[in-house]
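Single-letter residue listing:
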Amino acid sequence: MHRYVLSAMVRFENVGMRYGAGPEVLRDVTFVLEAGSFTFLTGLSGAGKTTLLKLINMTEPPSRGLVTLFGQDLSITKRADFPALRRRIGVVFQDFRLLSHLSAFDNVALPLRLAGRKENEYVQDVEELLSWVGLGDRMQARPATLSGGEQQRIAIARAVVARPDLLIADEPTGNVDPEIGQRLMRLFAELNRLGTTVLIATHDRALIEGMRAREMRLVDGRLVELRTGRAA
Amino acid sequence: MIAANAILPRDKGAAPLDLVIGVMAFLAALALGASLIADRTALGWRAGLSDRLTVQIVPPTHKMGLDEEVDVALGVLRATPGIAHAAPLTQDQTLNLVQPWIGKDALVADLPLPRLIDATITPGAEVDLAALSRTLKQVAPDSLLDDHARWIARLKGLADAITWSAYGILLLIAIATAAAVSFATRAGLQAHHEMVELLHQMGAQSGFIARAFERHYFVSALVAASVGAVLAAAFYLGAGALEFAGVEAVPFLPPLALKFSEVPWLLAVPAVSGIIALATARLSVLAALRKIY
Ligand SMILES: Nc1ncnc2c1ncn2[C@@H]1O[C@H](COP(=O)(O)OP(=O)(O)OP(=O)(O)O)[C@@H](O)[C@H]1O
Ligand SMILES: [Mg+2]
């Protein structure tokens, strides 16, 4: 039992979430993401996928229930310790949230800078990663001059570049063709193989069928376990 | 903590606000200069007059002759400890003094003019002016001791009024400058709030985010206010040069010029502007960050 708790990267217990005085968007959500696991989160539009991811990446506190990250109960974690926890999470936002005044390269390098790494140490890593997502020739481009799919790949590169312990991706293949979608999936799989726990919210059935991974589905704000992943 | 600045965009939108800061700094430096000049001038006036005495002897109504009274008065003055020097003004000097008021023709020469004795007090010496006045009255009944006390009091009042007005203007402009700087800083932050939130979400420490902004606004305010202060300094030094070249700004008033040794005071304006910008940026960013989870 003790070992089980330690290996849980994310743990939700009876979590409820409402925005302001609105209706409950999430109800009694309970699940565990174990270290090194790979999980899909599905559900209709408006089902609450992004909301659930926000609770994991510490954008919002839950209205009720318990959220535990890396073994730490967030409700009793000091605010001063939040930044260190956040830096262990890579996030691909549904709306990318790239910084418009920075080049593709600088956007991707941002997490490394925040971690205090020196530029000469990471230039090569960033360039390799940008080449891998097919943007080797657009490194100095500003986000506004790139297509939606290209911006999405920069957002993905930014989320994975620092090899986070936990990767949260919200519709990461929503704007790319199936071929690039598969390529990005291989990137996530590779990261997962290196030890990162991965949670991907998606509508893309083909993508889910292509991976033998666990699938959790949100229905009316409640979580339904559809597939238990590799072991099954 | 590297490259905090590199994350922040070059702020083109802030140019009008830099202009406001520059203009406010120019006005603040002008007011500061004016208060320095008023201060110095007031000191000079007082120093120039407070060690001078004038004894006036009006044409006698008593039996002593005018010249005799002058001699006796001179004797008393020269015998008084603390009086460094005493000498009568010649007829010509006295005529020169009254000429602006009554002209200079032959008639005037016949007017019974008072005789004046000019005396200076040894710097630092205490002279009992009341006693001196009484003694003079005894030996020379038509003498009048004038220590310029009334003049000095009025000049001091004038100088104080100028000084305090300058301080008041300085204070108002300082408040306006502070408001402009902090407004500019807040507006800049507003434009960057998505970036602040993203950096926060990515795990940047609040202090790191605040530093990126405070440096940025410190530097822009410093630069803008320096330009304003330099222009004000140029104004005052230019006025000094004009005066040196013989052009008097307003006759009778002290010249509108700063001494070179006073110019460094104007540096306080950009320094204070920079610090206000830095403090506003820091407090605003930290307050904004405290509001989000
Ligand atoms: N900031 C917000 N304030 C108020 N209501 C919100 C907010 N964000 C989301 N909601 C509501 O919460 C519900 C779930 O939204 P959420 O974005 O989590 O859905 P989703 O599953 O991610 O949908 P999609 O597949 O379209 O991205 C929706 O009804 C939405 O209107
Ligand atoms: Mg969503």
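Our structure's up above, just so we're on the same page.
Residues numbered from 1 in each chain as written. Chains lettered and ligands numbered in written order. Predicted model: local features only at pLDDT ≥ 70, side-chain atom pairs only at ≥ 80, totals over all residues. Heavy atoms only, no water.

## Side note on the overall build of chain A
Then comes step 1: Helix and strand counts for chain A stand at eight helices and 10 strands.
Then comes step 2: In summary, chain A has a C-alpha radius of gyration of 17 Å against a globular reference of 17 Å for 232 residues, a match within 12%.
Then comes step 3: In terms of principal-axis extent, the alpha carbons of chain A reach across some 45 × 40 × 40 Å.
Then comes step 4: Out of the 232 residues in chain A, the part that is buried amounts to 53%.
Then comes step 5: Pairs at least 24 residues apart make up 67% of the contacts formed inside chain A by residues separated by at least 6 positions.
Then comes step 6: Here chain A displays about 10,700 Å² of accessible surface, and carbon together with sulfur accounts for 50% of that area. (Helix = DSSP H or I, 4+ residues; strand = E, 2+ residues; numbered from the N terminus. Rg over C-alpha atoms; globule rule 2.2 N^0.38 Å. Buried < 20%, exposed > 50% of the residue type's maximum accessible area, 1.4 Å probe, protein only. Contact = heavy atoms within 4.5 Å. Areas by Shrake-Rupley, 256 points an atom, 1.4 Å probe, with all protein chains shown as cover.)

## A short note on the side chain of Asn192 of chain A
All names here are of chain A.
Then comes step 1: Counting through the fold element by element, Asn192 comes out in helix α7 (residues 178–193).
Then comes step 2: Among the residues examined, Asn192 registers a relative accessible area of 6% and is labelled buried.
Then comes step 3: For Asn192, the side chain forms a polar contact with the main-chain oxygen of Gly36, separated by 3.1 Å. (Polar contact = N/O pair within 3.5 Å; in protein donor to acceptor, adjacent residues only side chain to side chain.)

## Thoughts on the sheet that holds strand β3 (residues 115–121) of chain B
Residue and element names in this part refer to chain B.
Then comes step 1: Spatially, four strands are ordered β2-β3-β1-β4 in an open sheet, and the strand pairing comes out antiparallel. Of all the strands in the sheet, just β2 (83–88) and β4 (143–146) have a single pairing partner and so form its edges. Averaged over neighbouring strand pairs, the angle between their axes works out to 20° when direction is ignored.
Then comes step 2: The strands touched by helix α6 (residues 129–139) within the sheet are β1 (52–57), β2 and β4, with β4 carrying the most contacts at an inclination of about 165°. (Pairing = 2+ DSSP bridges. Axes fitted to C-alpha atoms, helices over the stretch in contact; angles between N-to-C directions.)

## A few points about the interface of chain A and chain B
It is common to give the size of an interface as the accessible area lost on bringing the parts into contact.
Then comes step 1: At the interface, 24 residues of chain A touch 21 residues of chain B.
Then comes step 2: Buried area between chain A and chain B, summed over both chains or domains, comes out near 2,000 Å², and the portion from carbon and sulfur atoms is 63%.
Then comes step 3: Looking at the side of chain A facing chain B, the largest losses of area belong to Arg86, Arg113 and Leu114 of chain A, adding up to 29% of the total buried there.
Then comes step 4: The interface formed by chain A and chain B includes six residue pairs in polar contact (both at pLDDT 80 or more). (Buried area = accessible area lost by both parts, 1.4 Å probe.)

These results come straight from atomic positions and should not be treated as a statement about function.
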